[in-house]
Amino acid sequence: MTFAIETSGLQFRPGRGFEISNLNMHVPSGALYGFLGPNGAGKTTTIRLLLGLTPKQSGSITVLGRSMPGGSVDVMARTGYVPERPHLYPTLSVDETLRLHSAFHVRWDSAWADELKRQFSLVGERRVASLSKGETGKLMMLLALAQQPELLVLDEPTDGLDPVVRRDVLEALLGYVSSHSATVLISSHLVHELERICDWIAVMDRGRMVAELPMQEFKDGIKRLVIADVARTTKEPPFTVLARKQSNGGEQWLVRGWTNGMRDYFAHSGGTLREVIDLDLEEGFVELLRSFRGAA
Amino acid sequence: MTTRPSRWRALFETQWKWTRGVLLLIAVTTFALPLLSLRSSAGARDDSSFISSIQAWAVGYAFVAAGLGLLVGIFSWSYDHRLRHVYALSLPVERWRYSLMRFTGGLALISLPVATLFVSAEIVAHSSLVPPMLHAYPVALTLRFAFAALVAYSVFFAISSATARTAGYILATIGLLFVLDIVLRSAGSRIDVLGHVTDILFAAPGLLAVFGGRWMLIDV
């Protein structure tokens, strides 16, 4: 497997109270990689470090085969970036913004940019400052897509957008990815959104990587087990128990790394497994964070 | 369909958009200054009074050149600062090249008021109101103005391209000099701190020496 983004031992401490600590990240080429974490987890800082917008303190970063931040000019030519906050010049019109952006991207597709502008109902003469939040979000996505990047780095691209705009933006994104086999790193705290579109998931909290695995593995592996006769189960389980709570004379365990073959564990250790309950990504995410914070 | 301009032109267009209002105002001022100075001197009794009257306007050129450099220098970076340089840094261009394009874009903008000054100075030079024994120096005045604007622009471009912290250090240094001067004076010291600094900066070959001396459009 090749990686579009790879970090090793990445360290960054901007001041007291917060740090990115020993971050190891692996974004497979061609993946739709969801970067999940609560507000303040360090997602935006990590993205800025990846793109060389903030200088790292130690560790290594490789993006599209180039070491960062040294290779940032080449990487930014091949990367579409949508930052968390609008970063466009407010006094320029939509058309002037497209013109400025196109000058710096040799693979700029003017015809497609015009098509997206029409599709997103953006008016060329309107000033960026007068655009609504949704229109600004669409314009930033347009710029990132029309430069035909190999890698898209999207920092909360749909945060605060209404459902219609969000759908338009994600449709355009998925359309591009399917036709160009691009890699996408999309950060969000909107779990359901990532669940629908991503095939890899990473969870970050307090500057640390909590989990990084294929989406299906994540969803399949996190279960709630309803168990009776818990007291008799003394063997070390083959899965990770994230949380335990009393329930109707037995216990409910939230576990990670579960497969059906592990049912034997209860047969051999004396416990009785009554039920295995599937969790959706949001429940799994919340419980994962809860157990991570508990352990920390 | 959007046509792709060159990178320099695309950046220049943004700077033009940000500065055009103030730039046109300065261009009108630089066009008006020589004409107004000639008109105010036209009724002079003799050549000496004529030159004195013309000289009274000289400080205006220095101020306009400084203002031009200040405004174009600050406007070159103001929107990048406001956006925390995120857009500029996300463009696939080296930082030094980006700064160079912004700098040369500003230079091109400065050339507009310089050109209007030259045209106006040439009109004055060919005017019949200039006494026959005196000479006009439109090229020299324009070159001095252009050089002064370039110096001011370079200084303010450099300061405004730096971080707010660096700008703070510069302001703090200037403030410290004033405080030191006041303290020394109140202690009865003969050391003139501000006088020394002014000499270093404005006397040749000081950085701002071009602002001193005679800004004469018409002289002997």
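Residues numbered from 1 in each chain as written. Chains lettered and ligands numbered in written order. Predicted model: local features only at pLDDT ≥ 70, side-chain atom pairs only at ≥ 80, totals over all residues. Heavy atoms only, no water.

### Some points on the confidence of the model for chain B
Low pLDDT means the predicted coordinates in that region are not meant to be read closely. Residues and elements named next belong to chain B. With 99% of its residues at a pLDDT of 70 or more, chain B shows a mean pLDDT of 90. Mean pLDDT values for the elements of chain B range from 82 in strand 2 (residues 218-219) up to 96 in helix 5 (residues 95-125). Across the assembled chains, the prediction reports ipTM 0.84 with pTM 0.85. (pLDDT = per-residue confidence, 0-100. Helix = DSSP H or I, 4+ residues; strand = E, 2+ residues; numbered from the N terminus.)

### Some thoughts on unusual backbone geometry
Residue and element names in this part refer to chain A. For the bond running from methionine 68 to proline 69, omega is 10°, close enough to zero to count as cis. Following the sequence through the fold, proline 69 ends up in the loop between strand 5 (66-67) and helix 2 (72-77). Even without a glycine there, the phi angle at arginine 206 is positive, about 50°. Exposure remark for arginine 206: the relative accessible area of 45% places this residue in the partly exposed category. (Buried < 20%, exposed > 50% of the residue type's maximum accessible area, 1.4 Å probe, protein only.)

### What to know about the domain arrangement of chain A
Here chain A is described as being made up of domain 1 (3-215) and domain 2 (223-278). Distance between the C-alpha centres of domain 1 of chain A and domain 2 of chain A: 40 Å. (Domains from an automatic or database assignment.)

### Considerations on the sheet that holds strand 14 (residues 272-278) of chain A
The pairing of strands in a sheet happens through backbone hydrogen bonds and is either parallel or antiparallel. Residues and elements named next belong to chain A. The sheet built from 4 strands is open, its strands ordered 12-13-11-14 with antiparallel pairing. The open sheet has two free edges, formed respectively by strand 12 (240-247) and strand 14, since each of these has just one partner strand. In this sheet, adjacent strand axes meet at a mean angle of 25° when their direction is disregarded. Note that strand 11 (residues 223-228) and strand 13 (residues 250-256) share 5 bridges and pair antiparallel. Within strand 13, the residue paired with leucine 225 across the bridge is tryptophan 253. (Pairing = 2+ DSSP bridges. Axes fitted to C-alpha atoms, helices over the stretch in contact; angles between N-to-C directions.)

### Notes on the sheet that holds strand 9 (residues 200-205) of chain A
Residues and elements named next belong to chain A. What the 6 strands build is an open sheet, ordered 6-7-8-3-9-10; its pairing is mixed. Each edge of the open sheet is held by one strand with a lone partner, namely strand 6 (79-82) and strand 10 (208-214). Averaged over all pairs of adjacent strands, the angle between strand axes in this sheet comes to 15°, irrespective of strand direction. Where strand 7 (residues 151-155) lies against strand 8 (residues 183-188), 5 bridges are found, and the strand directions are parallel. Of the residues in strand 8, the one forming a bridge with valine 153 is leucine 185.

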